[in-house]
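Descriptive analysis of the structure
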Amino acid sequence: MKVREQSSTREVYGKTLVALGKENPDIVVLDADLSKSTMTQFFAREFPHRFFDCGIAEQNMIGIAAGLAASGKIAFASTFAVFATGRCYDQLRMSVAQPRHDVKVVATHGGISVGEDGLSHHSIEDLALACSLPGFTVVVPADAIETAQVIRVAAATRGPFYVRLGRLKTPLILGDDYQFVLGEAATLRQGIDATIIACGLMVARALEAAENLSQQGIDCRVLNMSTIKPLDIEAIVLAANETEAIVTAEEHLEHGGLGSKVAQVVVQHWAVPMAFVAIKDVFAKSGTPDELLQRYGLTAAEIEKAVKATVLRKK
Amino acid sequence: MGKDQTTNQDLEAVAKTLRRHIITMTAAAGSGHPGGSLSSVEIVTALFFRVLRHRPSEPHWADRDRFILSKAHAAPLLYAALAETGYMPVGELCTLRKLDSRLQGHPDKTCTPGVEMTCGSLGQGLSFGIGAALAARLNSQTYRVYVLLGDGECDEGQVWEAAMAAAHFKMDNLVAIIDHNELQIDGWNRQVMNLEPLPDKWRAFGWYVIEVNGHDLAQILAAFAQAEKVKGQPTAIIAHTIKGKGVSFMENNVDFHGKAPTPEEAERALKELA
């Protein structure tokens, strides 16, 4: 799959909110003094009366969003991923997840590709936290095209959502005809020797790895697993059955994210060798996004290495 | 008993009935929080039997006033009020905290008709109340939002985040009632975490503050009436109360914060509340 251009998922989020706001007067948006970074500022400009800046008080923001949602609104609440989940975990649990309120937490600046701001701004455990909340749907779009669709699906689907976006512009890897289906993995490349299951910015790297591997005679399937919860069990089992080796790739800790979830399915339904391209049990340092992705092993080269090692373990 | 016909004597009788339910329920459950339930009885009585516009037969009526029990350990009191106003049979109260009961240890919105919000982790109710009040403004609805907080609960930072936001958003359809019984689990507020000057704090955050004797129904009703006239800012009613009010051996006795009366204690309490 060819990279066409770089595009910002945050910007697409902001613009999609504006479009949704025009279509549905019940859409309201909240932010915690980061609207210029999360891009909810577009909505704020267009619909000032339906936008609530809660200041640097994320827990209160989630509670207000819950109150609005309980009273018939569809509330989009945004801040950086690390604050949205870690700081607000109990608020998400009590005020959103349990009562199943229509709060859509769209968290930007996910992962370590935030870069120079350092560990306080690197969300490396947000997917584990979000997935641990009963009733939450968790989605990590791979590019701007998917982001626009995910935001629309979140608005149209009842219940709590966690959507993780990044800070970086990311390559457009999905075609204009791409159709995001909640809970379904998209097969971006067919293959028989191994399957790479990726989400977010690692999808582009998975495709790159698959391309390089094919030149070395290893034919990889690539799945874009944008919905982390509920997981597409069928696609995973099929991949295990047909390719007999699975490598997951995510910009998250090795524990509790996509890799853990996929492994849980694999061991229960069709046990095959697996490997995990993810951040090990460490906090990352400050650095440029590319330096960090390199340092913590989130590269196409790491995926290639993992695939080769896993293929060797096939029975 | 239609709420317009209730006299303050009628309300006092209701308050006594709710107190009896609190004792009976917690004794039957063998656990629960009688102390903070008893201290809020008059506040909840005034709300459910006089102030709130609500339809117990239609709990989700869109224009209902919202009551949010942020001090969620007072669940027995809320359940007693819900039963006495017709949201559920009074007989159901004895199922409190039992497996498969609709009456969870702390209020659960998904279980109990009339419960607006799942609470129990303290400090979250006021934020939710702001959201409900903002929705009323957006929808041009006239319902009002009442949030009952404990004073100990005001230790939570989120309460003050919400206090700041409610004043910022000029939520004059929002009333916070702080049950100021001065006791929290580890002891007196002033020993555990000093809150004073509590009314000044709310004032400084931009709220219109009314102080009342939280066991004087006339004062409480007057405060709610006054709050309806306040424009451009939220109202905080600081209700001075006594933890365990109405049962001599529970009054100001922090042991009964989270401990149910034994059958013998319940019998003594019910005699006092006869």
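Our subject is the structure that appears above.
To start, this report covers the structure provided alongside it. Since the model is a prediction, treat every value here as computed from it, not as a measurement.

**Quick word on the overall build of chain A**
Scanning chain A from N- to C-terminus turns up 13 helices and 14 strands. In terms of C-alpha radius of gyration, chain A reaches 19 Å, essentially the compact-globule figure of 20 Å for 315 residues. Each of the three principal axes of chain A carries a C-alpha extent, and together these read 60 × 40 × 35 Å. Residues counted as buried form 64% of the 315 residues belonging to chain A. Across chain A, contacts joining residues at least 24 apart in sequence account for 79% of those joining residues at least 6 apart. Accessible surface computed for chain A: about 11,900 Å², of which carbon and sulfur atoms make up 51%. Averaging the positions of the 31 positive and the 36 negative side-chain charges in chain A gives two centres separated by 2 Å.

**A closer look at the overall build of chain B**
If you tally the helices and strands in chain B, you get 10 helices and 7 strands. In terms of overall size, chain B behaves like a compact globule, its C-alpha atoms giving a radius of gyration of 17 Å where 274 residues would be expected to give roughly 19 Å. Reported as C-alpha extents along the three principal axes, the dimensions of chain B are approximately 50 × 45 × 35 Å. For chain B, buried positions account for 57% of its 274 residues. Total accessible area computed for chain B in this model is approximately 10,300 Å², and 51% of it derives from carbon and sulfur atoms. Across chain B, the mean location of the 27 positive side-chain charges is 4 Å away from that of the 32 negative side-chain charges.

**Focus on the packing of helix α4 (residues 58-70) of chain A against helix α6 (residues 89-97) of chain A**
Residues and elements named next belong to chain A. As a packed pair, α4 and α6 sit with axes 9 Å apart at the nearest point and diverge in direction by 5°. By the angle between their directions, the pair α4 and α6 is classed as roughly parallel. Of the residues in α6, those in contact with Gln59, Ile62 and Ala66 of α4 are Gln91, Leu92, Ser95 and Val96. Across the contact of α4 with α6, the residue classes break down as 4 nonpolar, 3 polar and no charged.

**Some remarks on the interface of chain A and chain B**
Between chain A and chain B, the residue contacts involve 25 residues of the former and 25 residues of the latter. Overall, the association of chain A and chain B removes approximately 2,000 Å² of surface from exposure, summing both partners, and the carbon and sulfur fraction of that is 59%. Counting every contact that joins chain A to chain B gives 0 salt bridges. Applying the counting criterion to the chain A and chain B interface returns 12 residue pairs in polar contact (both at pLDDT 80 or more). Looking at the side of chain A that touches chain B, the elements that each hand over two or more residues are β3 (51-53), α4 and α6 of chain A. Sorting elements by how many residues they give to the side of chain A that touches chain B places α4 of chain A first, with 9 residues. Its residues placed into classes, the side of chain A that touches chain B shows 9 nonpolar, 10 polar and 6 charged.

So, how was this worked out
Residues numbered from 1 in each chain as written. Chains lettered and ligands numbered in written order. Predicted model: local features only at pLDDT ≥ 70, side-chain atom pairs only at ≥ 80, totals over all residues. Heavy atoms only, no water. Helix = DSSP H or I, 4+ residues; strand = E, 2+ residues; numbered from the N terminus. Rg over C-alpha atoms; globule rule 2.2 N^0.38 Å. Buried < 20%, exposed > 50% of the residue type's maximum accessible area, 1.4 Å probe, protein only. Contact = heavy atoms within 4.5 Å. Areas by Shrake-Rupley, 256 points an atom, 1.4 Å probe, with all protein chains shown as cover. Lys, Arg positive; Asp, Glu negative; His and termini not counted. Charge placed at Lys NZ, Arg CZ, Asp CG, Glu CD. Axes fitted to C-alpha atoms, helices over the stretch in contact; angles between N-to-C directions. Parallel < 35°, antiparallel > 145°, perpendicular 65-115°, else oblique. Nonpolar A, V, L, I, M, F, W, Y, C, P; charged D, E, K, R; others polar. Buried area = accessible area lost by both parts, 1.4 Å probe. Salt bridge = Lys/Arg side-chain N within 4 Å of Asp/Glu carboxyl O. Polar contact = N/O pair within 3.5 Å; in protein donor to acceptor, adjacent residues only side chain to side chain.

That's the geometry; what it means functionally is another story.
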